Amino acid sequence: MAAFLYRLGRFAFRRRWLVVGLWLAVLAAAATSAATLSGPTSDAFRIPGTPSQEAIDLLQARFPATSAEGATARVVFAAPAGQRLTGAATKTVIEQAVTELDQAPRVAAVADPFRAGTVNPAGTVAFAQATYRVPAQNLTDDDRDALARIAERVRDRGLTVEIGGDAVQAPPEQGLSEAIGVAVAAVVLIITFGSLVAAGLPLLTALFGIGIGFGVITAATGFIDLSSTTPVLALMLGLAVSIDYALFIVSRYRHELAAGHEPPEAAGRAIGTAGSAVVFAGLTVVIALAALSVVGVPFLTQMGVAAAFTVAVAVVIALTLLPAALGFAGRRVLCRSARLRGGPTTAPRETRARHTDVPRDDAATDPRRIDAHRDGPTTAPQHNGESARGRVSAGTRWARAVARRPVVTLLVAVAALGLAAIPALDLRLGMPDDGTAAPATTQRKAYDLVTAGFGAGFNGPLTVVVTAPAGAARATADRVGQRISGLPGVAVATTAAVNPAGDTALLTVIPTGGPGDPATKDLVRTVRRLDGGIAGVTGLTAINIDISTRVADSLIPYLAVVVGLAFLLLLLVFRSLLVPIKATLGFLLSVAATFGAVVAVFQWGWAADLLGVQRTGPILSFLPIILIGIVFGLAMDYQVFLVTRMREDHVHGAAPRDAVITGFGAGARVVTAAAAIMISVFAGFILAPDPVIMSIGFALAVAVLVDAFVVRMTIVPAVMTLLGPAAWWLPGRLNRILPDVDIEGRKLDHERGDGAAGPVVNVPERASA
């Protein structure tokens, strides 16, 4: 693979105008498609095969007038202090509003609160339920504006009016989240490289990557229903990995220039070595995301495939567009002082000797001095993670400290992660509803008014579908309603409607608890076990319960698929049995600690005010499985980049302990920068107004922080030191069966271009990967 990527990098470098032109054409096509083909997003959480979805399908067949999948708007009225809604004047205002609602665009039916009995006993709160003929994603801004104008006219008459339901949930807008992430990434890149040109290249390629990925996904909304979270998650991941992958390759290119190679040769070697690591790191992310399809939840499959596509685009851009951009930049990716210090022949004798087949001098082979020499060429710029003569990088010092006391380091790190994971034992899952909206929104205000006026159960009514012989549905429904009314946790159960054929009826069951209350979940299970004509239980509350159950049941199979496929991939990359096992165990520690942090903030409320979390409660039910997929992929990124460096030095003759120190020291600075960039990108989404996006952004930022700095940069060197030569053990038969992907670039000496400087062979990557 290294040889193929080497040739690809040289081709893109030399034919840069062609490559850039092709990518510009692709970007223009994606943007045009997004502008002309896009459609609305959908936040309807549906899972085929679940009891609630089967009940909806039955309603559509036998009771189409119910608009089972139509949008709903709950318009809540509250009387001024000291007054009642049942007074003649206020009653007239509400009835006029109901009439206007019934005439609003796309509205199928409106339940008058005085006729439907949705006025609380005190007469202070009432609500009208409006049902639309189309799903929420098909409503336009004009439809929502008409609803808002009706509410405003009622407010002008002195009443309090708030609106809940999915009809008022417009697609989320992108705020400053991306801009903040890009700004922080730019600062980190400038500090890391000391060159505006070098810092700009990862940002430029990232813009191409997210532009193409986001454009294609947006265009896809014109053909399939995608949730509003899908493009945001793809954007979040695409931005982070695009910058990171380009960072590793640009850093390696700078090292190759400092080692004495001409720019075309440096680009080829950078793509052949760091690019190989990018390919396998990207593959792990794509596998983890695409494997979400095994869960059997359509919107999770969409999110995973969309994000995987964006990551794949980022990998291809890093391997083609980036070397083309390096062709335009040339040596300007080096800082000014590095360019002034000398040209391609200034690599020190130790470095040049190490990469040839001739014997190396004592300085290059003496274990007491190998660390300093393997920190990189002495003429390489300090900001490239390589030490000047006589100075040792912070990464090397840290690796030496860990190697001196690996047992203590390992125990302290594992204990800290175990402590952080304790809150995860109280993990409770749920789905978002109006009660999880921000307190300032009309949805949340409507939710609170209904809770105060009627009780929490009125915000999560259950719809029970009753079937019977033709003409007997109402009598059957009344008997079922009496049985349900006697169950624990039921406030009221009434027959709502009977279809014209008289063979299907709807019961509305109001639980005493809210939608996320465990008692409500128990009630749903109890009603479903009753016989005597009950065909199903549905409604938003039941749908959310079914989604949470399906996701929880799929967690272990999904984890097995992801870990199994990734283990095989890592086995192929590292040619070791213990390294993939260690990588997987480290990932489990990262996920456990991340779950603990998420529960502590979003469920317990720790530091909620500081982070802007406006409501605490159950964790989003599909967050754990999304988090596992993404974190596993990103964790393997840093595993590949760091451990590949260690293996590279070991393959080139270093003792196992020395390879850990030199490999870690060479890559630590760039990995630190990459992690800082990814954390900043994810943390920027904590400012998003959507609580779903906020929780995902926080979880991913914490996960990268924990995995990069605690697991990969502390536990990994400690374990690798303890394992010693055993870290690279592979049974002989398996060693013969596995193909040699040459991620270390051992075969690049056979691919030398005419621009190579001297007898350079087997150049190990020192500043990246």
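Above: the structure in question.
## Observations concerning the environment of Gln302
Inspection of the secondary structure puts Gln302 in helix H11 (residues 298–329). With a relative accessible area of 23%, Gln302 lands in the partly exposed category. It is 8.1 Å that separates the C-alpha atoms of Gln302 and Ser227, two residues lying 75 residues apart in sequence. In this structure, Gln302 is in contact with Asp225, Leu226, Ser227 and Thr230, ignoring residues within four places of it in sequence.

## Focus on the pattern of salt bridges
Counted according to the given criterion, the structure contains 13 salt bridges. The residue Glu265 makes a salt bridge to Arg10 at a minimum N-O spacing of 2.9 Å. Residue Glu265 is located in helix H10 (residues 263–290), and its partner Arg10 is located in helix H1 (residues 2–14); the two are separated by 255 residues in the primary sequence. Between Asp448 and Arg444 there is a salt bridge; the shortest N-O distance is 3.3 Å. Here Asp448 pairs with Arg444, and both are found in helix H18 (residues 442–453), just four residues apart, close to one helical turn.

## Remarks on helix H19 (residues 473–485)
Taking 1.5 Å of rise per residue, the 13 residues of H19 would be expected to cover 18 Å, and the 18 Å separating its terminal C-alpha atoms lies within 8% of that figure. Listed as buried for H19 are Ala473, Thr476, Ala477, Val480, Gly481 and Ile484. The arc that holds every buried residue of H19, seen down its axis, measures 140 degrees, which confines them to one face. Along H19, exposed side chains directed more than 90 degrees from the buried face belong to Arg479 and Gln482.

## Looking at the pairing of strand S3 (residues 125–132)
The buried count for S3 comes to seven of eight residues, which makes it a mostly enclosed element. With seven bridges connecting them, strand S1 (residues 72–78) and S3 associate as antiparallel partners. By the bridge assignment for S3, Val76 is matched with Phe127. As defined by bridge partners, strand S2 (residues 107–111) adjoins S3 across four bridges and the pair is classed as antiparallel.

## Thoughts on the packing of aromatic side chains
Overall, the coordinates contain seven aromatic pairs when judged by the stated rule. Here the aromatic rings of Phe587 and Phe632 are separated by 4.6 Å at their centres, their planes lie at 90 degrees, and the arrangement is edge-to-face. On the criterion of sequence distance, the pair formed by Phe587 in helix H22 (residues 578–603) and Phe632 in helix H24 (residues 623–651) is long-range, its members being 45 residues apart. Each of the two residues, Phe587 as well as Phe632, counts as buried. A connected cluster of aromatic rings, assembled from ring pairs, spans Phe127, Phe454 and Phe458.

## With respect to the layout of surface pockets
Reported here for the second largest pocket is a volume of approximately 690 Å³. As for the second largest pocket, its lining consists of 36 residues, and the residues nearest its centre are Pro432, Thr436, Arg615, Gly617 and Pro618. Elements with a minimum of two residues in the lining of the second largest pocket: strand S5 (429–430), helix H21 (540–574), strand S10 (619–620) and helix H26 (691–723).

## Side note on the nonpolar core
Judged by nonpolar contacts, the single largest core of 157 residues is most densely connected at Tyr245, Leu300, Phe622 and Phe682. Of the residues forming this core, the biggest block, 19 residues, is contributed by H26. Apart from the residues within four sequence positions on either side, Tyr245 is in contact with Val278, Ala281, Gly282, Val285, Val311, Val315, Ala318, Asp637 and Phe641. Phe77, Val119, Ala136 and Val168 belong to the second-largest nonpolar core, a separate cluster that totals 31 residues.

## So, unusual backbone geometry
At Arg106, a residue that is not glycine, the phi angle is positive and equals roughly 70 degrees. Tracing the sequence through the fold places Arg106 in the loop between helix H4 (88–102) and S2. Accessibility expressed as a relative area gives 30% for Arg106, which makes it partly exposed. Residues other than glycine seldom take positive phi values, yet Ala607 does so here, at roughly 60 degrees. Tracing the chain through its elements places Ala607 in the loop between H22 and helix H23 (608–611).

Reading the values: the criteria
Residues numbered from 1 in each chain as written. Predicted model: local features only at pLDDT ≥ 70, side-chain atom pairs only at ≥ 80, totals over all residues. Heavy atoms only, no water. Helix = DSSP H or I, 4+ residues; strand = E, 2+ residues; numbered from the N terminus. Buried < 20%, exposed > 50% of the residue type's maximum accessible area, 1.4 Å probe, protein only. Contact = heavy atoms within 4.5 Å. Salt bridge = Lys/Arg side-chain N within 4 Å of Asp/Glu carboxyl O. Expected span 1.5 Å × (residues − 1). Arc of directions from axis to C-beta. Pairing = 2+ DSSP bridges. Phe/Tyr/Trp six-rings, centres within 6.5 Å; stacked < 30°, edge-to-face > 60°. 1 Å grid on protein atoms, 1.4 Å probe; cavity = no way out; pocket = protein on both sides within 12 Å on 5 of 7 lines; lining within 4 Å. Points joined across faces, edges and corners; volume = space filled by probe spheres on them. Core = buried A, V, L, I, M, F, W, Y, C linked by side-chain atoms within 4.5 Å.

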